[in-house]
Structures are given as C-alpha cells and as structure tokens.
Amino acid sequence: MNSRGRLFVISGPSGVGKGTVLAHFLKERPGVRLSVSATTRSPRPGEREGESYFFLSREAFEEKIASGGMLEYAQYNNQYYGTPRAAVESWLQAGEDVLLEIEVQGAMKVRAALPEAVLVFIMPPDFHTLRLRLSGRGTEDEGTIKKRLFAAAAEFQRAGEYDFIIVNDRVEEASRALGEVLESARYLVKTNQTFISEVMHDAQTESLAD
C-alpha cells in the first residue's frame, strides 16, 4: 500500500494532557516524528533551538508565509507561531509517520493543505476532571482557569470534525489508544489515495493494452 508516511494532528483543550500523552507514546514508538513548531518570540530559559521551537525573526517567518513554507500559522500576543512545511513533507516522503500537536484552528488549516492528514482529538473523561487538572497545576489564577474552561467548551464543539477521539483518563491507556489509531489509520481510504490512484492507473493502462 502507500509508502508515504502519515501525518497525525493532535488537538485538545489546555489541561487535557496532550503533551504528557505524546511524551509517553514517543518513548514507546521512537520511530515516529514529532513536528517542531516555529515562533517569533524569544527563547525562554531551558528552551533549545530545533527542540522546543525553531526561533525565527519576524521577517524570516513572514517570508515563509509568503512562499507557502508554513502548513499553518497564527498570531498570539503579537508573535507568530506555526508549522514549517519542509521538515514535515521531508519526513512524510521518507515514509515516516509525523505527529503534530496544534490547536483546532491550526488543525483545520493543515487538513485543508493536506487532506490526507489524520486528526485526533484528546478529550478529558469529563468536564469536572478538566477543571481539577487546570486547578491542580497551581500556575494560574481562577480568572485564567475560567477563560481556559470557556475555550475548552468551544473546542469540544469542533471535536466532531476530527477522525478519532481519545479519552485521556489514564496516560498509559491514552498512549496505547494513540498507537491503535496509528495502526487503524493505515487502512483509511484518505491515507491511501496515492495507492488507489496507482492501481487505477495500472488497470486503465492494461485495459487499453488489451
């Protein structure tokens, strides 16, 4: 079937544990690539170029936008954030599966650019658990937590536009479910369009020859 790698876009509300699930999953599946985003903001203590982000000047970022070098991008607090296209395309062409962790709006832009992308939405077991997780971090005041919960409610309304839903009740189980998604996606029609086209082309060629 298709030898091209598959792109998996992972989304979910703040506090749902996307990063924790992905970190656990990647320990078990070291051959899967995790895409690194680009940003125009300055590096924070402990962040490394090419690992945390690709840190670009505003001019360089806007040049990539103009040349189609970003799969998706957005601005937050007057800073650009986005997904460089070149690295993702290179890995996919090499047959490697790629994970991309971004928010809902970015996910829809990636789907528009690469319709074969498989979208996965991470849900909490219930809304109360999400509230407890946000509060338990101890890093934000009640007003900020309410804003995040309001944003989460809006994101849940878009979950039906995704291909798969994973509930993060326990990290180990959610990680295992993500592995099952990667295996299942091997058989999705949209991830095998190239293979289908090749078989159709061969069929038409042989029919004409006959």
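Structure shown above.
Read on for a plain summary of the structure. Because the structure is predicted, anything quoted here is derived from the model rather than measured. (Residues numbered from 1 in each chain as written. Predicted model: local features only at pLDDT ≥ 70, side-chain atom pairs only at ≥ 80, totals over all residues. Heavy atoms only, no water.)

1. Thoughts on the packing of helix α1 (residues 18–28) against helix α7 (residues 171–185)
This is how it is decided: Only the stretch in contact is used when fitting a helix axis, every axis being a line fitted to C-alpha atoms; angles between N-to-C directions are given from 0 to 180 degrees. Runs of E in the DSSP output that reach at least two residues are strands. Runs of H or I that reach at least four are helices, and both are numbered from the N terminus. Every angle not falling under 35 degrees, over 145, or within 65 to 115 is termed oblique; those three ranges are roughly parallel, roughly antiparallel and roughly perpendicular. By definition, any crossing whose near helix is turned counterclockwise from its far helix by less than a right angle is left-handed, and any crossing with a clockwise turn is right-handed. Should any heavy atoms of two residues lie within 4.5 Å, those residues are counted as being in contact. Under the convention adopted here, Pro, Cys and the residues Ala, Val, Leu, Ile, Met, Phe, Trp and Tyr are nonpolar, Asp, Glu, Lys and Arg are charged, and Gly plus all remaining residues are polar.
At a closest axis distance of 9 Å, the pairing of α1 and α7 adopts a crossing angle of 65 degrees. In terms of their interaxial angle, α1 and α7 are classed as roughly perpendicular. Relative to α7, α1 is oriented so that their crossing is right-handed. Mapping the contact onto sequence places Thr20, Val21, Leu22, His24 and Phe25 in α1 and Val171, Glu172, Ala174, Ser175, Leu178, Gly179 and Leu182 in α7. For the contact of α1 with α7, a count of residues per class yields seven nonpolar, four polar and one charged.

2. Quick word on the pairing of strand β7 (residues 98–101)
What counts, and what does not: Pairing between strands is defined by DSSP: at least two bridges between the two strands are required.
Judged from the four bridges that link them, strand β1 (residues 7–11) and β7 form a sheet pairing that is parallel. Residue pairing across strands places Leu7 opposite Val98, the latter belonging to β7. Bridge analysis of strand β2 (residues 33–34) against β7 gives two bridges, and the strand direction is parallel. The partner of Arg33 across the bridge, within β7, is Val98.

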